[in-house]
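An overview of the molecular structure
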4 protein chains.
Amino acid sequence: MNTLGNKLKVTVFGQSHAPAIGCVVDGLPAGFAPDMERLSAFMARRAPGQNAWSTNRKENDIPEILSGLVEGRTCGAPVAAVIRNSDQHSRDYSGLQRTPRPSHADYTAVIKYGGNYDIRGGGQFSGRLTAPLCFAGALALQLLEQRGITVAAHIAQIEGVFDSAPDFASIARTELEALLKKPFPVFSDDAGMRMRQAIEAARLDADSVGGVIRCFALGLPAGIGEPMFGGVENRLAAALFGIPAVRGVSFGTGFAAAGMRGSEHNDPFVMDGDRVSARTNHAGGVLGGITSGLPLVVNIAVKPTASIAKEQETVDLEKKESIRLVIHGRHDPCIVPRAVPVAEAVTALTVLDMLLE
Amino acid sequence: MNTLGNKLKVTVFGQSHAPAIGCVVDGLPAGFAPDMERLSAFMARRAPGQNAWSTNRKENDIPEILSGLVEGRTCGAPVAAVIRNSDQHSRDYSGLQRTPRPSHADYTAVIKYGGNYDIRGGGQFSGRLTAPLCFAGALALQLLEQRGITVAAHIAQIEGVFDSAPDFASIARTELEALLKKPFPVFSDDAGMRMRQAIEAARLDADSVGGVIRCFALGLPAGIGEPMFGGVENRLAAALFGIPAVRGVSFGTGFAAAGMRGSEHNDPFVMDGDRVSARTNHAGGVLGGITSGLPLVVNIAVKPTASIAKEQETVDLEKKESIRLVIHGRHDPCIVPRAVPVAEAVTALTVLDMLLE
Amino acid sequence: MNTLGNKLKVTVFGQSHAPAIGCVVDGLPAGFAPDMERLSAFMARRAPGQNAWSTNRKENDIPEILSGLVEGRTCGAPVAAVIRNSDQHSRDYSGLQRTPRPSHADYTAVIKYGGNYDIRGGGQFSGRLTAPLCFAGALALQLLEQRGITVAAHIAQIEGVFDSAPDFASIARTELEALLKKPFPVFSDDAGMRMRQAIEAARLDADSVGGVIRCFALGLPAGIGEPMFGGVENRLAAALFGIPAVRGVSFGTGFAAAGMRGSEHNDPFVMDGDRVSARTNHAGGVLGGITSGLPLVVNIAVKPTASIAKEQETVDLEKKESIRLVIHGRHDPCIVPRAVPVAEAVTALTVLDMLLE
Amino acid sequence: MNTLGNKLKVTVFGQSHAPAIGCVVDGLPAGFAPDMERLSAFMARRAPGQNAWSTNRKENDIPEILSGLVEGRTCGAPVAAVIRNSDQHSRDYSGLQRTPRPSHADYTAVIKYGGNYDIRGGGQFSGRLTAPLCFAGALALQLLEQRGITVAAHIAQIEGVFDSAPDFASIARTELEALLKKPFPVFSDDAGMRMRQAIEAARLDADSVGGVIRCFALGLPAGIGEPMFGGVENRLAAALFGIPAVRGVSFGTGFAAAGMRGSEHNDPFVMDGDRVSARTNHAGGVLGGITSGLPLVVNIAVKPTASIAKEQETVDLEKKESIRLVIHGRHDPCIVPRAVPVAEAVTALTVLDMLLE
């Protein structure tokens, strides 16, 4: 349900308008001293209110760590962190239980939980719940870094605009590190500019746009993962679909592989000095569920933000009749940029979990 | 690892050239009398050797049921089934441990399991292991049918050829039932013909092609699934990536949602008599991880068969040098048609598991 | 690790001297309005400082609920609760990492977590972590009560003093309710008096005593539980050994069954009106891992408090030599009375989890 | 349900009178060459028909290995083994669904599974299902031996007769090895003789007796196990209650700890050369759920065989009235001696699972 992982378990709690959100991270190695400044910087990448493309909601997302650290080091006990909710405009959501917002979880949550479902701000389905995921992910990212593993993502697509794609077989760590420093992480700054224009155009149009995030993990040893249902793909997909608005997960060349021939898609093995490598990496670093030592490449499709300012059609669940709905409040015209660190966080947590197993 | 499900657990075992393959299905409701004829017919859809597009390997896949049935009815004990391996050409595979086949699990398996890995026929990574999955899935499909749920898939794409797509919001049960009767399940017979031509062209070219399978589940009640990591998407993706050669999983409009605007992608709720429905179903029947009562739509990208007759490049792991490799033996030029019942089986098992929880 | 349950998951966090302890309870049915007054009363039964037999540590254990409730009712989101730690005397524990206290987890924790282990007050192994378990258990107890199920425990033994045992086959709900109202829950008040004398004698002797808790669950439907590894015994034992100081778990007649003959131990079925019952209940309400509808009876052996004021022998892990150790601080001469509500809580959580599955 | 373990998973299937019983062992390290002769010898210790105290049912329990081995070595794929059922007297059990045998799972199974439950020979609840557990356990025992770990059990009690107890802190490997060679494993041969007399007396009396098995694991490293719900006790208890007829599980001094004072029960740490040891081992080798490096000691209470030849009282579930029942067929007057290798098997599987994690 709200718990991710086997050996490294993250349990997320909270609702958008509850007193707090937070998480419990169980299974971190003892003796790890997280760099809190970098943790905050990572979480800030997800935080809203800082850019043209994100909601104005002001979050003061300072996590309070309640347990698991002694003098700044993990002690073996679970690390619990709490983020208080402060800037809540609950009145914006009144009546929504009767008139579910299209493509939100309102309707299915009311079916599942009945009238007690917390619809304010999307309740437990709110994108705000990704803040504790980023807290946990930031810890995982630092631990991976200590093991020589870098996780970073770029915005591969926004609406009709595509970023340039790196060579999956030979992407360099420096390329990923450059990505991590950009407020809008793309390889092609020109594509990035056009993406931001597409977002702005949607916003001005009281609309929203979707996109694709592509996440890399560099430095993973070969041999991680299990066959069949325990593979890297199974585990990563199960985790990444936990991010709100994710509609698809694919690896390497992904759905484009469907249009290819074997002679084109197969990755010929080659020697890279003493190391086995491959000429191409359509596989995205995973064969038979097990890492090959090549860069891990996972693509994540994100739908356009469901909350748009345009008038929409829905039903009144009590009167059982159609009505017109206008959603008020503050909403991102595109969730993709803020979802980038979330994708990195979830990838890092899953990869670290598999490494610790 | 080799076990799928929570309440309904399927454990798969075997290797391509072991004495047998099989599965244990634990958690089936007691008192269920499987229709063995229909079970055989379902398994035959996956079996090779029957069509132009599949390998000539002759499988006599008659599962022997070892436990779990009393006078043809489930008794509460796990149902164990064994399929003997008979038609094995082990000599075709000698030496492959040193020269891993591109885009197969040979290399990663050797890294993980060392020299003891059973490389004959792909060992435990062989597509043959999907036969017991189909056995288990056939049971699940019959149980779902008793609950008014139909699961069926079509071949949505082969290489560059696309099948017509039905209306995700209003696809009829009769359309799915028609699909289930076709040896090559497509909505457009014309597209199907061109798909088969593409497969045949690849075969003549000593090559292979990939494709996309789209699976539907009709009749699912609203309210199934859990938020965050327990959603229908998480569970289905984790299961479907267990099918060999799957490279991507998406729901409803999937990756195409990335190119859309919210006003276009959002599914307006409408009343369908007394029932809440939606004008479109880009969501594929799942909102916030929970079923909406609309048809479940999941897309599965399948890579081109890795085993091709064309000469390929790989490395000799002992000599650490490049070599040319020609793969002998019998291989499907396209795995997609035979993967269709496997996708239905895995979808059915996952959906039934979530219903039983 | 620190998570209990399948469908109803409780994740516990904190250390004795961390800023806080707490828990996340995931999977509670939506729409449940916990009675907070009764919840507090239940938690007070575990709290220290109120009786002659417990430590003087003053805990102000008011849990703050951070999420999961809307207007006092569960909304489907996890319920997270935090209890601040205030009354900490950390100086009492300095140096203990080098000189592990006999029969505490100090030594094994240092082996497992290294020098980063939080030894203050027993860290994450502290009995204080049972406070959030009681919070979660109190919710479960109220939900069970709504289903007509009563869980209550008595102190069956303290050192050499034994309480009278009720008839396991016919114990009445009123007997259990009477138990729940007693500050020192025994059936025989005379035995209770002698037990308290034994505790007091141990305290005056700078020593401690152990005991046995026997917990009942009345009103459970027949048919709950799974065979083999999913039985009620398996699940309850796995949970109850999570309570610090528990050394044994048995059901019904328990270890005494080893000394009996079948003709004596077998429980003859009898009709109780229209209901199937049994003349005796040596089985403790479970046959083959599945509830029989008779009262569930589980016995829990609790060792004497490891912290005693008497001088003890231990080793200096650095110098690798024997030393004499005197443990300062406040400690219960007998943990059993305060462990009674914890046993009830863990039993209730496990039983409710199995009912929800 | 019928699956044990996390990293090393054993799935058991079959019923007493199904075509076969068996198991799937997933997660064994690759490259392990099991000694099949020793495996058979181990399984023979559990097999019936060989001693005065066991049923005459003749089992020819030769497991057929269907997968997971290549040239006698594990290859990473699950090891599946099947044991055919041959010597079945199904007619002995007719009508038992209406007249549940006291202290058997008949009644609870009928409640859970309805009329489809396989009552022949106890169905899936039959002690016969421990044969595949012994198969899996024999593999685990050999793997543990390679790691310097010895697991062996003695019969600590039969009815009123007690074996002598070794010193838990200093029991020697040679003592355990001697135990493993005895057909009736006790430390005191005199006690063993009186135990056998007690069993024979019960048999002549058309009755049965229970007992206690005490299992040791020697050579376990310190630091294995997790706190709270992931402890060695939790894991072992959850596993051991999967053995039919087990009514209690305790560690070290177990329930007797309840009668002791802290000064008596606490185990003073001492140096044993450079190694930390303890003067006594009342804890049974586990502190806070984590191994201390001292011998692991677990006690298992086994009830008297429920099937006795004496006439008993039960009910007719259809007529809802009391009746007299005489159970025919062949039954052990005491299950304890044959349960000894089962206890060793389950202990070994659990300990190896925790080591592999």
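Residues numbered from 1 in each chain as written. Chains lettered and ligands numbered in written order. Predicted model: local features only at pLDDT ≥ 70, side-chain atom pairs only at ≥ 80, totals over all residues. Heavy atoms only, no water.

Re the relation of the copies chain B and chain A
What relates the pair of chain copies is a rotation about an axis plus a shift along that axis. Quick reminder of the rule: C-alpha atoms of residues with pLDDT of at least 70 in both copies form the basis for the least-squares superposition of the copies. Should any heavy atoms of two residues lie within 4.5 Å, those residues are considered in contact.
The transform that puts chain B on chain A rotates by 180 degrees and translates by 0.0 Å along the axis, for an RMSD of 0.0 Å. On the angle and the small slide along the axis, the relation comes out as a two-fold axis. Same-surface contact between copies: 100% of interface residues of chain B are shared with the interface of chain A.

Thoughts on the environment of B:Asp61
Residue and element names in this part refer to chain B. We count it as follows: Each helix is a run of DSSP H or I of at least 4 residues and each strand a run of E of at least 2, with the numbering of both proceeding from the N terminus. Working definition: with a 1.4 Å probe on protein chains only, accessible area under 20% of the residue-type maximum means buried, over 50% means exposed, and in between means partly exposed.
By the secondary structure assignment, aspartate 61 is in the loop between α1 (36-46) and β4 (64-67). Residue class for aspartate 61 comes out buried when judged on its relative accessible area of 14%. Sequence separation between aspartate 61 and serine 86 is 25 residues; the distance between their C-alpha atoms is 9.5 Å.

Considering the pattern of salt bridges
Here is the rule: Any Lys or Arg side-chain nitrogen found within 4 Å of a carboxyl oxygen on Asp or Glu counts as a salt bridge.
With the rule as written, the count across this model stands at 88 salt bridges over all chains. Note that B:Glu344 is salt-bridged to B:Arg45, the shortest N-O span being 2.9 Å. Of the two residues, B:Glu344 is situated in helix α8 (residues 336-356) and B:Arg45 in helix α1; the sequence distance between them amounts to 299 residues. Overall, the relative accessible area of 1% leaves B:Glu344 in the buried class. Residue D:Arg235 pairs with D:Glu357 through a salt bridge whose shortest N-O separation is 2.6 Å. On the criterion of sequence distance, the pair formed by D:Arg235 in helix α6 (residues 232-240) and D:Glu357 in the segment after α8 (336-356) is long-range, its members being 122 residues apart.

Regarding the packing of helix α1 (residues 36-46) of chain A against helix α3 (residues 130-146) of chain A
Residue and element names in this part refer to chain A. Put simply, the test is: Here an angle of 0 to 180 degrees is reported between the N-to-C directions of two axes, which are lines fitted to C-alpha atoms, with helices fitted over the stretch in contact. Throughout, the term roughly parallel applies to angles under 35 degrees, roughly antiparallel to angles over 145, roughly perpendicular to angles from 65 to 115, and oblique to all others. In this scheme, a crossing is called left-handed if the near helix is turned counterclockwise away from the far one by less than a right angle; it is called right-handed if the turn is clockwise. When residue character is reported, Ala, Val, Leu, Ile, Met, Phe, Trp, Tyr, Cys and Pro are called nonpolar, Asp, Glu, Lys and Arg charged, and the others, Gly included, polar.
For the pair α1 and α3, interaxial distance at closest approach is 9 Å and the crossing angle is 135 degrees. By the angle between their axes, α1 is oblique relative to α3. Crossing handedness for the pair α1 and α3: right-handed. From α1, Arg38, Leu39, Phe42, Met43 and Arg46 reach across to α3, where they touch Thr130, Ala131, Cys134, Phe135, Ala138, Leu139, Leu141, Gln142 and Glu145. By residue class, the composition of the contact of α1 with α3 is 9 nonpolar, 2 polar and 3 charged.

Examining the interface of chain B and chain A
Just so we agree on the cut-off: Buried area: the accessible surface (1.4 Å probe) lost by two parts on joining, summed over both. Residues adjacent in sequence count toward polar contacts only when both atoms are side-chain atoms; beyond that, a polar contact is any pair of N or O atoms within 3.5 Å, and within protein one must be able to donate a hydrogen and the other to accept it.
At the junction of the two partners, chain B supplies 98 residues and chain A supplies 98 residues. For the chain B and chain A pair, buried surface summed over both sides reaches about 7,800 Å², with 61% attributable to carbon and sulfur atoms. Counting the contacts that link chain B with chain A gives 10 salt bridges. As a salt-bridge pair, A:Arg279 and B:Glu313 come within 2.3 Å of each other at their nearest N and O atoms. Our count for the chain B to chain A interface comes out at 45 residue pairs in polar contact (both at pLDDT 80 or more).

Notes on the confidence of the model for chain A
Rule in force here: pLDDT is a per-residue confidence score from the predictor, ranging from 0 to 100.
Looking at chain A, pLDDT values average 94 and 94% of them are 70 or higher. Reported confidences for the modelled complex are a pTM of 0.96 and an ipTM of 0.96.

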